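Take a look at the letters that make up each chain.
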Amino acid sequence: MASRAWLTRQGLLAAAVASCAVASASLLQPEQPLASRGEPAQTVFAKTTGGGAERIDVLPISRRPEQEPRVVMSLGPSDLPALEPGDMLEALAEVQVTTTCVDRTERCIGRPYSFSPYASAKLVLAAGKGVTGGRGAVSLARPKSVHCGQRRPHRNHHCVLTFQHARKRVLNPTTLPCPANGCFVNLVISAYNPEAVPGNVMVVGADRPDGSILQDKGRLSVVLSRQGSAAPQHQRTSRRVHGRVPVTRGDDWTSIYSVKFSNLRRGDILVAVAKQRTSISPVPYNVFVGSRIILAGRRDAARANRLSGRVSSLSGQFTEGNGFNCTHGRSAYRTPCISRKAGLIEIRRPPRRRGRPVPMFVNVVSHLRPKLAAPGAGDYARVLSRGALEVRRYRTG
């Protein structure tokens, strides 16, 4: 659920009352008192839907593109500050959709279909929570789409749509489709195939063997920078921590990329985006490729530790874990397969052990599972070059 708190200090004082302290806003933590007179005004804001962001369970598959769009995630006026001239609005988003009902089994949701639907997503600045486009919305980025494979043996089953750099400079708020203090950022998705009939759907999240739906597979986040705000610190790496990822039936995760931060401070905003290229050529079967971004205590750590949860929002989870089936044959994700990730967290307190500052690491981690096959001992996939992790730190105090 979306937190209603804001990042960093506002620095706005009641001029006539020396003892008055007004609460500043901070991401996913209680409000804090304003700073003393003379501190700069707040210039960077951030917000995320956090876990359980999906607003719908299923997405109808229509016969024509964008015939039945739906808002799947949204951040609104209670989450966003009033927009001002010169503001830079950046949105990051992930959503996982799933083909279902390939067989008439208990797992089937809706009516069966064998075609591969096209799934599309767009990010809009809108006048309402349910606005999907038209005069009441303006686009923040080019739409993303995927032809999500349904046909066996090279079925993708799950497909992920990711926005990493959706940006808009607000030049004149009066020209927006919404009042400056009443705008929504909406993630809109739709699905279609000319063969579709009523009752054909895609699942938002994942379908389970018993016919239920598992969500919490995506997020929507926003960073708003006022004109004149300090540029963030950038770190980027394409060096792989591990070049091989084991294929197992368990929940084993492997660190792929890592960026170190030695002096994190309270109020820091960390924005991370990543690209991973995975080749399943070493194995003869198709493989589910899952990934996420975490804050960890070591470069090779595959899970967030206790310290991560204490010092950061969202328990150190920049993104949810999601993924797709990477296939040997032709599909939307044919080996080598590309995973894209995007998310953010806030540092709540400086990381320390026994009173001493300690470094933290932003890690891209991945896990692989075999599809319709039993993995052999030592089976693995390769992480190829031309992938990377980029992290921006906004220092707010």
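About the cut-offs
- Residues numbered from 1 in each chain as written.
- Predicted model: local features only at pLDDT ≥ 70, side-chain atom pairs only at ≥ 80, totals over all residues.
- Heavy atoms only, no water.
- Phe/Tyr/Trp six-rings, centres within 6.5 Å; stacked < 30°, edge-to-face > 60°.
- Helix = DSSP H or I, 4+ residues; strand = E, 2+ residues; numbered from the N terminus.
- Buried < 20%, exposed > 50% of the residue type's maximum accessible area, 1.4 Å probe, protein only.
- Lys NZ or Arg CZ within 6 Å of the ring centre and 35° of its normal.
- Pairing = 2+ DSSP bridges.
- pLDDT = per-residue confidence, 0-100.
- Contact = heavy atoms within 4.5 Å.
- Axes fitted to C-alpha atoms, helices over the stretch in contact; angles between N-to-C directions.
- Patch = residues over 30% accessible without salt bridge, like charges linked within 9 Å, V, L, I, M, F, W, Y side chains within 5 Å.
- Areas by Shrake-Rupley, 256 points an atom, 1.4 Å probe, with all protein chains shown as cover.
- Salt bridge = Lys/Arg side-chain N within 4 Å of Asp/Glu carboxyl O.
- Lys, Arg positive; Asp, Glu negative; His and termini not counted.
- Charge placed at Lys NZ, Arg CZ, Asp CG, Glu CD.
- Polar contact = N/O pair within 3.5 Å; in protein donor to acceptor, adjacent residues only side chain to side chain.
- Core = buried A, V, L, I, M, F, W, Y, C linked by side-chain atoms within 4.5 Å.
- Disulfide = S-S within 2.5 Å.

1. Re the packing of aromatic side chains
Per the counting criterion, the structure on display carries 3 aromatic pairs. Pairing Tyr 118 with Tyr 192 gives two aromatic rings, centres 5.0 Å apart and planes at 15°, and the pair type is stacked. Here the residue Tyr 118 occupies a position in strand β7 (residues 118-126), and Tyr 192 occupies one in strand β11 (residues 184-192), the gap between them amounting to 74 residues. The exposure class assigned to Tyr 118 is partly exposed, which follows from its relative accessible area of 31%. On the numbers, 3.9 Å between centres and 10° between planes, the contact of Phe 324 with Tyr 333 is stacked. Exposure class is identical for Phe 324 and Tyr 333. Each is buried. Directly above the ring of Tyr 380 sits Arg 244, whose terminal nitrogen or CZ lies 4.1 Å from the centroid. The lysine or arginine in question, Arg 292, covers the ring of Trp 253, its NZ or CZ lying 5.4 Å from the ring centre.

2. Notes on the pairing of strand β5 (residues 70-75)
Burial of β5 is extensive: 5 of the 6 residues sit out of reach of the surface. Two elements, β5 and β11, share 5 bridges in a ladder whose sense is antiparallel. Looking at β11, one finds that Leu 75 is bridged to Val 185.

3. A look at the confidence of the model for the chain
Model confidence for the chain is summarised by a mean pLDDT of 90, while 89% of its residues fall at 70 or above. Ignoring residues within four places in sequence, the model shows residues 1-38, a span with pLDDT below 50, making 96 contacts including any to other chains.

4. Some details on the sheet that holds strand β21 (residues 322-326)
Whenever strands of a sheet pair, they do so through backbone hydrogen bonds, lying parallel or antiparallel. Read across the open sheet, the 4 strands follow the order β18-β25-β20-β21; overall the sheet is antiparallel. Strands at the two margins of the open sheet, each flanked by one partner only, are β18 (254-261) and β21. Across the sheet, the mean angle separating the axes of adjacent strands is 20° when strand polarity is ignored. Strand direction decides the pairing type here: strand β20 (residues 287-296) and strand β25 (residues 360-370), joined by 10 bridges, are antiparallel. Bridge pairing in β25 links Arg 292 to Val 365.

5. What to know about a positive patch on the surface
On the surface, Arg 266, Arg 306, Arg 310, Arg 349, Arg 353 and Arg 354 cluster together into a patch of positive charge. Along the chain, the position of Arg 310 falls in helix α1 (residues 306-311). You can call Arg 310 partly exposed: its relative accessible area is 47%.

6. Considering the side chain of Asp 207
Residue placement: Asp 207 occurs in strand β13 (residues 206-207). Note on Asp 207: relative accessible area 5%, which makes it buried. There is a polar contact of 2.9 Å between the side chain of Asp 207 and the side chain of His 157. The contact partners of Asp 207, leaving out residues within four places of it in the chain, are Thr 98, Thr 99, Thr 100, Arg 107, Ile 109, His 157, His 158 and Ser 212.

7. Re the pairing of strand β26 (residues 380-383)
In the sheet, strand β17 (residues 244-246) pairs with β26 via 3 bridges, with the strands oriented antiparallel. Across the sheet, residue Val 245 finds its bridge partner in β26, namely Ala 381.

8. What about the nonpolar core?
In terms of nonpolar packing, the biggest core is built from 81 residues, with Leu 123, Val 185, Leu 270 and Val 362 touching the most fellow members. The contact partners of Leu 123, leaving out residues within four places of it in the chain, are Ala 91, Ala 93, Val 138, Ser 139, Leu 140, Ala 141, Phe 163, Ala 166, Val 185, Asn 186, Leu 187 and Leu 220. Core analysis: the next-biggest nonpolar cluster, separate from the first, contains 10 residues, Val 223, Ile 269, Val 271 and Tyr 394 among them.

9. Topic: the environment of Arg 107
Among the secondary structure elements, Arg 107 is positioned in the loop between β6 (88-99) and β7. The contact partners of Arg 107, leaving out residues within four places of it in the chain, are Thr 100, His 157, Asp 207, Arg 208, Pro 209 and Gly 211.

10. Some details on the state of the cysteines
By the definition in use, this model includes 4 disulfides. Put simply, Cys 101 and Cys 108 are joined by a disulfide, and their sulfur atoms are 1.5 Å apart. The connectivity of the disulfide bonds within the chain can be written as 1-2, 3-4, 5-6, 7-8, using the sequence rank of each bonded cysteine.

11. Focus: the environment of Pro 69
Structurally, the position occupied by Pro 69 is in the loop between β4 (58-62) and β5. Since its relative accessible area comes to 22%, Pro 69 is described here as partly exposed. Distance from Pro 69 to Val 188, taken between C-alpha atoms, is 6.5 Å for residues 119 residues apart in sequence.

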